[in-house]
Amino acid sequence: MTGLSHDDWKARAKALQIRGQAFIDGRFVDAQSGRRFDSLNPATETVLAEVAECDSADIDLAVVAARRAFDDGRWSRKPPAERKAVLLKLADLIRANLHEMALLDSLDMGKTITDAATIDAPGSAHFFQWYAEAIDKIYDEIAPGGPGDLALVRRVPLGVVGAVVPWNFPLDMATWKASAALAAGNSVVLKPAEQSPLSALRLAELAAQAGVPDGVFNVVPGHGASAGKALGLHMDVDCLAFTGSTAVGKLFMQYSGQSNLKPVWPETGGKSPNIVFDDCEDLDAAADMAAFGAFFNQGEVCSANTRLYVQRGIRDLFIEKLITRAEDMQPGDPLDPASRMGAIVDAGQLARIMGFIENGRYSAELVAGGGQVQINGKGFFVQPTIFADVTQNDPLAREEIFGPVLSIITFDTEEEVIALANDSPYALAASVWTSNLDRALRLSDRLHVGTVSVNTVDALSAQTPFGGMKQSGFGRDLSLHSLDKYTALKTIWVKYRA
Ligand code: NAD
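The shown structure was predicted, so the numbers you read here are calculated from the model rather than taken from an experiment.

Caption draft 1: Representation of the pattern of salt bridges within the structure. Tallying each qualifying case throughout the model produces 35 salt bridges. Glu82 serves as the salt-bridge partner of Lys78, at 3.9 Å between the closest nitrogen and oxygen. For Lys78, a relative accessible area of 23% corresponds to the partly exposed category. With relative accessibility at 41%, the residue Glu82 sits in the partly exposed group. Across the pair Asp423 and Arg398 runs a salt bridge whose closest N-O atoms are separated by 3.5 Å. Of this pair, Asp423 sits in the loop between helix H14 (414–422) and strand E19 (426–427) while Arg398 sits in helix H13 (residues 395–398), placing them 25 residues apart in sequence. In this structure Arg398 comes out as partly exposed when scored by relative accessible area, which is 24%. It is possible to trace a salt-bridge network through shared partners that takes in Lys177, Glu267, Asp477 and Lys485.

Caption draft 2: Geometry of the pairing of strand E13 (residues 307–311). By the criterion of burial, E13 is predominantly enclosed, with five of the five residues buried. Residues of E13 alternate between two faces, with Arg307, Tyr309 and Gln311 on one and Leu308 and Val310 on the opposite face, all of them buried. Across four bridges, the pairing between strand E12 (residues 273–276) and E13 is parallel. Counterpart to Val276 in the pairing with E13 is Val310. Of the strand pairs in this sheet, E13 and strand E18 (residues 405–411) are connected by five bridges, and their pairing is parallel. By the bridge assignment for E18, Val310 is matched with Thr410.

Thresholds applied
Residues numbered from 1 in each chain as written. Predicted model: local features only at pLDDT ≥ 70, side-chain atom pairs only at ≥ 80, totals over all residues. Heavy atoms only, no water. Salt bridge = Lys/Arg side-chain N within 4 Å of Asp/Glu carboxyl O. Buried < 20%, exposed > 50% of the residue type's maximum accessible area, 1.4 Å probe, protein only. Helix = DSSP H or I, 4+ residues; strand = E, 2+ residues; numbered from the N terminus. Pairing = 2+ DSSP bridges.

By themselves, these figures tell us nothing about what the structure is for.
Okay, structure coming up:
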């Protein structure tokens with residue numbers, strides 16, 4: 001829990017001072033065009049802040065500042081231990097401003113204040129700390145060679161890293177990119193999602209306060225088709241780290257081909273299977289986590305476990321358990337610490353989710369939820385929704401809905417469920433519930449996804465890579481492997497008189 005009451009959070013929200021300007025070269029600035037767009041609170045449908053509507057001119061400014069900072073070495077050539085000290089300070093500042101960071105995300109995109117204050121904001125501090133602590137403990141290589149040859153294989157920062165991120169975990173997605181890219185010595189130009197730019201802007205301000213030099217971390221809010229595209233096409237951006245939809249991930253690959261062949265790291269959509277075998281010993285835990293895996297963050301999670309495969313013998317019992325859990329997770333005011341689900345990010349996403357639910361009523365059995373809700377007469381809320389007897393080719397089972405909609409498919413055999421689980425254009429994550437170790441390991445071998453969680457869902461940590469295969473993209477965030485994206489291998493070969 002957050003330690004604050006609903007009234008406390010409301011009072012803090014009211015008192016919040018929000019900056020909506022872009023953060024370029026160490027200071028807040030308006031878009032050069034002077035244009036702004038409204039950032040809406042999806043729980044109340046009111047304007048939260050006016051945000052600078054940046055476009056290619058502002059992206060240019062930010063890239064020039066980032067390049068200048070990279071080239072003069074104010075960050076890129078600092079000893080790793082000095083970068084570490086600054087990033088540790090940033091982690092401390094995030095913790096010191098934890099309530100504010102949590103509020104910005106909750107108000108901007110509708111997630112519950114409990115999740116924002118106990119998962120997202122502490123997570124951001126943790127990831128900055130983790131990369132800070134790692135960066136002065138990584139050694140380069142010396143290649144095997146004979147006398148007279150000393151070949152060093154070094155990892156060097158790339159230069160200007162562009163990052164384009166989605167709205168579902170605004171602070172954490174910005175953090176996953178920026179923490180590793182900055183630790184490695186790059187300059188960063190980050191474009192947050194237009195639905196949720198506020199926490200990233202505050203993060204940039206805190207980074208400057210911690211000692212990240214001017215121009216090293218720039219946050220440029222704006223729309224995808226203008227600001228995002230300009231970053232993707234920029235000739236002086238050395239790498240583009242993207243998290244978002246598969247369709248836009250494909251665009252970034254094209255932008256690279258049309259411009260300077262920058263490496264693009266897409267981390268895109270998902271439709272993760274969660275497989276529950278009848279030999280699972282703790283069906284209550286499986287049901288708790290199946291509901292969490294589908295409804296956490298309003299189901300707006302790339303790795304959400306939205307395809308639930310239940311073995312026939314436990315189907316009825318398991319569905320009963322899930323219905324109870326769905327009933328306990330009804331949406332509420334995101335600022336109420338008791339709420340377990342918040343608002344959907346915007347009206348467009350709400351309409352998309354409701355479209356899937358309405359069509360699903362004809363093709364499968366609706367066993368829980370299905371309704372749109374308002375809280376205090378306002379807002380974009382959807383009940384946790386469960387469909388049973390979904391068929392494998394139903395859009396409910398194939399498409400990423402990105403809302404609180406769980407589709408249940410019944411299966412008989414292990415072979416059958418492996419084939420069904422792998423039958424998807426996405427391959428981000430999968431979960432398996434069984435008490436049979438052989439079976440768990442067999443499934444882990446054969447599920448073709450980025451992460452297999454056994455007897456849990458969505459397992460992730462700073463220490464383990466997160467990302468997918470197939471059309472879930474091939475980028476990896478988190479772990480030391482993420483540093484591969486933000487560094488290049490450089491060989492330095494020294495000839496000496498042996
Ligand atoms: P989105 O693809 O619509 O937007 C993501 C970002 O791309 C935003 O900043 C947006 O402004 C920008 N963008 C949009 N159109 C663009 C264009 N034409 N050119 C350049 N940039 C453009 O995704 P979203 O709706 O913000 O987020 C939801 C998606 O993110 C889901 O598909 C989800 O699975 C995915 N996601 C993936 C991961 C992962 O790690 N694999 C994590 C979180 C979210």
